[in-house]
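# Remarks on the overall topology
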Amino acid sequence: MPARVDQLLAGFADGDAISQEARILQQTLHGLGLESDIYAPVKTTTPAIAHLARPISEYLTTKRDSVIFHYSIASEASQCFLKSDCKRIVRYHNITPEHFMRGFDDAVADQLHDSRDQLFSIASQGNEVWADSEFNADELRDLSIKKVKVVPLFFHPSAIDIKPDSHMLQKLGNGLTNILFVGRMAPNKNVEALMLAFGWYQKTMNTQSRLVLVGSEWSCPRYFAMLRSLAKTLELSNVSFEGFVNDAALAACYETAALFVCPSLHEGYCLPLIEAMCHNVPVVARRNGGMPEAIGKSGILFDGDDPKELAVLMDVMIRDSKQREAVLNAQENRLAELHARDIPTECRNLLS
Amino acid sequence: MKIWINGNDESESLGQDLTKKATTLENEAYASRAQDDSEILSLRNVESNAEYLDRYVKVVRKRQGVNPALYSQPRPPGLKGTISYMIRMFLWRILRYQHFWIAFHQNDINAMHAEVLDFEHQEHNRQISELEGRIKQLEAQINTLQERAH
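Treat the numbers as computed from the prediction; the structure is a model and nothing was measured.

Cut-offs used in this document
- Residues numbered from 1 in each chain as written.
- Chains lettered and ligands numbered in written order.
- Predicted model: local features only at pLDDT ≥ 70, side-chain atom pairs only at ≥ 80, totals over all residues.
- Heavy atoms only, no water.
- Helix = DSSP H or I, 4+ residues; strand = E, 2+ residues; numbered from the N terminus.
- Rg over C-alpha atoms; globule rule 2.2 N^0.38 Å.
- Buried < 20%, exposed > 50% of the residue type's maximum accessible area, 1.4 Å probe, protein only.
- Contact = heavy atoms within 4.5 Å.
- Areas by Shrake-Rupley, 256 points an atom, 1.4 Å probe, with all protein chains shown as cover.
- Lys, Arg positive; Asp, Glu negative; His and termini not counted.
- Charge placed at Lys NZ, Arg CZ, Asp CG, Glu CD.
- Buried area = accessible area lost by both parts, 1.4 Å probe.
- Salt bridge = Lys/Arg side-chain N within 4 Å of Asp/Glu carboxyl O.
- Nonpolar A, V, L, I, M, F, W, Y, C, P; charged D, E, K, R; others polar.
- Pairing = 2+ DSSP bridges.
- Domains from an automatic or database assignment.
- Polar contact = N/O pair within 3.5 Å; in protein donor to acceptor, adjacent residues only side chain to side chain.
- Expected span 1.5 Å × (residues − 1).
- pLDDT = per-residue confidence, 0-100.
- Phe/Tyr/Trp six-rings, centres within 6.5 Å; stacked < 30°, edge-to-face > 60°.
- Lys NZ or Arg CZ within 6 Å of the ring centre and 35° of its normal.
- 1 Å grid on protein atoms, 1.4 Å probe; cavity = no way out; pocket = protein on both sides within 12 Å on 5 of 7 lines; lining within 4 Å.
- Points joined across faces, edges and corners; volume = space filled by probe spheres on them.

## Some remarks on the overall build of chain A
The helix and strand inventory of chain A stands at 13 helices and 13 strands. Against the globule reference of 20 Å for 352 residues, chain A gives a C-alpha radius of gyration of 20 Å, in line with a compact fold. Projected onto its principal axes, the C-alpha coordinates of chain A cover approximately 60 × 45 × 40 Å. Here chain A holds 352 residues, and the buried ones make up 60% of them. Residue pairs at least 24 apart in sequence account for 69% of intrachain contacts in chain A once pairs closer than 6 positions are excluded. Accessible surface, chain A as shown: approximately 13,500 Å² in total, 49% of it carbon and sulfur. Here chain A holds 35 positive side-chain charges and 44 negative ones, and the gap between their average locations is 1 Å.

Written as structure tokens, this is what we have:
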């Protein structure tokens, strides 16, 4: 067992699933009596949690023993990892295919292209590779990386046990049926499909409804501009772009939601599905990427592109109490599985 | 529609019911706005930032206006809902002149902004094509000079 396990990240931000996992891992490692620091580039670290990370420029100048490199996009962290002369563990969180970003942000599309190009060299340089879903592991196996272990995303359901923000509760809890999506406003999330379906739902089935979209709108401003224009074109009322919100406001969004819908076309895992389950909200997700693994034998998975069908599905899941209860019971069982996970023991076994 | 509930494939039962019900949904106005090949949704198919900008400027040009016409007001159920609906309709009537006046001026401002954006974009494109033409000309001249030197 090493005495010190550091973590390298391409970015460190509140509300980001990878950063959240890095924090949980750090707490666990400290609990096991190990030293552990998080390193991330200063320019991609958000000020609110900057005190929890060290600048990546300091990494190669400090004592090293083992390092976990969270990989999802090429950055200066990749170079630090490759220069690191200690036990190297690659934590693979998936790379968004570049075609989603092409046209919306060519610079990011190029960066994603480079990231995928570097994936083999990075994964093959690791003494161990941990993928957070079978879906991600398969991508690595396709590149002939053999030593891949599937280690689901580290997450404590207790981490989101936060008192909901009263202002947000008041804002969203005014009797309308709220349909919720949480995630970055990025093209792979396919938010427009949800907006189109919501339009059918609102205009033909429930005029007293609201679509709540929570997540950073600065990940891809051109995509966000398209979504805003789409809301105007469709003449939708009650589409609420909440942007990035803090943990308490996010808890209020979940508390007031009748249904959580994720039509994403590409996800490595999708933590918001689990968060929604923790708040007793039925989850509807596309059967795609790592999402089926995240929800296990619970929730609703769909496959199809017709917005009318998705609208009818949303209506059934909101109105059919029997169906809803069956889904919520299964989701509770899934959460029990996640609660039963012994993260410290798992970490000790992985590192020893 | 293919659907799995709690891990069980229910495409044949619930999935087919959903598909059947979906075909009965009708709203002509919304259907025409939500067409997959609409100008705004076609932004998903662009292949570069430049092409995106080109199309987006056109979208802005067409969708700059605030529509002051009465929009469909949902009527909540029950007596409370009916009263709140009537109050909203009453407020709409007494405020519409002010609303029209504000919308008219807002549309003036929006139109000016959209025009400036469009003119600037056209000018930018014109300058780029002029520069590209000039570069080609210079390259051709360099080639000629190099050939003569050899």
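Additional details are given in the paragraphs that follow.
## Some details on the interface of chain A and chain B
Taken residue by residue, the interface counts 46 residues in chain A and 35 residues in chain B. When chain A packs against chain B, close to 3,700 Å² is buried across both sides, 62% of that on carbon and sulfur atoms. When the buried area of chain A at its contact with chain B is split by residue, A:W200, A:T233 and A:E309 rank highest and sum to 16% of it. At the surface where chain A touches chain B, the tally comes to 3 salt bridges. Here B:R33 and A:E235 are joined by a salt bridge, their closest N and O atoms 3.7 Å apart. Here the side of chain A that touches chain B is built from residues that sort into 21 nonpolar, 10 polar and 15 charged. Across 4 bridges, the pairing between strand β13 (residues 300–303) of chain A and strand β1 (residues 2–5) of chain B is antiparallel. Residue pairing across strands places A:D303 opposite B:K2, the latter belonging to β1(B).

## Regarding the domain arrangement of chain A
Residues and elements named next belong to chain A. For chain A, the domain assignment lists domain 1 (5–154) and domain 2 (159–338). The distance between the C-alpha centroids of domain 1 and domain 2 comes to 27 Å. Residue-level contacts link 21 residues of domain 1 with 17 residues of domain 2. Of the roughly 1,600 Å² buried at the junction of domain 1 and domain 2 (both faces included), carbon and sulfur atoms supply 69%. Three residues stand out in domain 1 for area buried against domain 2, namely F100, F104 and F135, and they jointly supply 38% of the buried area on that side. At the boundary of domain 1 and domain 2, one finds 5 residue pairs in polar contact (both at pLDDT 80 or more). Secondary structure elements with two or more residues in the side of domain 1 that touches domain 2: α1 (17–31) and α4 (134–142).

## Concerning α1(A)
If you check α1(A), its first and last C-alpha atoms are 21 Å apart, about what 15 residues at 1.5 Å a residue would give, namely 21 Å. Contact partners of the buried residues in α1(A): β1 (5–8), β2 (38–40), β4 (66–71), β5 (87–92) and α13 (343–351) of chain A.

## As for the pairing of β4(A)
Residue and element names in this part refer to chain A. In terms of residue burial, β4 counts as a mostly covered element, since 6 of its 6 residues are buried. Side chains of β4 alternate between two faces, with S66, I68 and H70 and V67, F69 and Y71 buried alike. When β1 meets β4, the two strands line up parallel, connected through 4 bridges. When the bridges of β4 are listed, D6 appears paired with V67. The sheet contact formed by β4 and β5 spans 6 bridges and is parallel. Along β5, the bridge assignment pairs S66 with K87.

## Quick word on the confidence of the model for chain B
Detail in the predicted coordinates should be disregarded across regions flagged by low pLDDT. Of all residues in chain B, 100% attain a pLDDT of 70 or more, and the chain-wide mean is 91. The ipTM value of the predicted complex is 0.89, and its pTM value is 0.88.

## So, the sheet that holds strand β2 (residues 8–9) of chain B
Sheet architecture is open: 8 strands sit in the order β10(A)-β9(A)-β8(A)-β11(A)-β12(A)-β13(A)-β1(B)-β2(B), paired in mixed fashion. Edge positions in the sheet fall to β10 (239–243) of chain A together with β2 of chain B, since each of these pairs with one other strand and no more.

## A look at the packing of aromatic side chains
Aromatic ring pairs: the centre-centre distance and the angle between the two ring planes describe each pair. Scanning all chains against the criterion turns up 9 aromatic pairs over all chains. Ring geometry for A:F69 and A:Y71: centres 5.5 Å apart, planes at 50°, overall tilted. In this structure A:Y71 comes out as buried when scored by relative accessible area, which is 0%. Ring geometry for A:F104 and A:Y223: centres 5.4 Å apart, planes at 90°, overall edge-to-face. Here A:Y223 lies in helix α7 (residues 221–233) and A:F104 lies in the loop between β5 and α3 (106–125), a separation of 119 residues in the sequence. Judged by its relative accessible area of 3%, A:F104 is buried. Classification of A:Y223 as buried rests on a relative accessible area of 0%. One aromatic cluster is present, formed by A:F104, A:Y223, B:Y52 and B:Y56 through successive ring pairs. Seen from the ring of B:W4, A:R287 lies directly overhead, with NZ or CZ sitting 4.1 Å from the centre.

## Considerations on the layout of surface pockets
Counted as a void, the second largest pocket has a volume near 900 Å³. Lining the second largest pocket are 25 residues; nearest its centre among them are A:E235, A:L236, A:S237, B:Y71 and B:S72. Those elements that provide at least two residues to the lining of the second largest pocket are α6 (191–204) and α7 of chain A together with α2 (28–33) of chain B. By residue number, the principal contributor to the lining of the second largest pocket is α7(A), which donates 3 residues.

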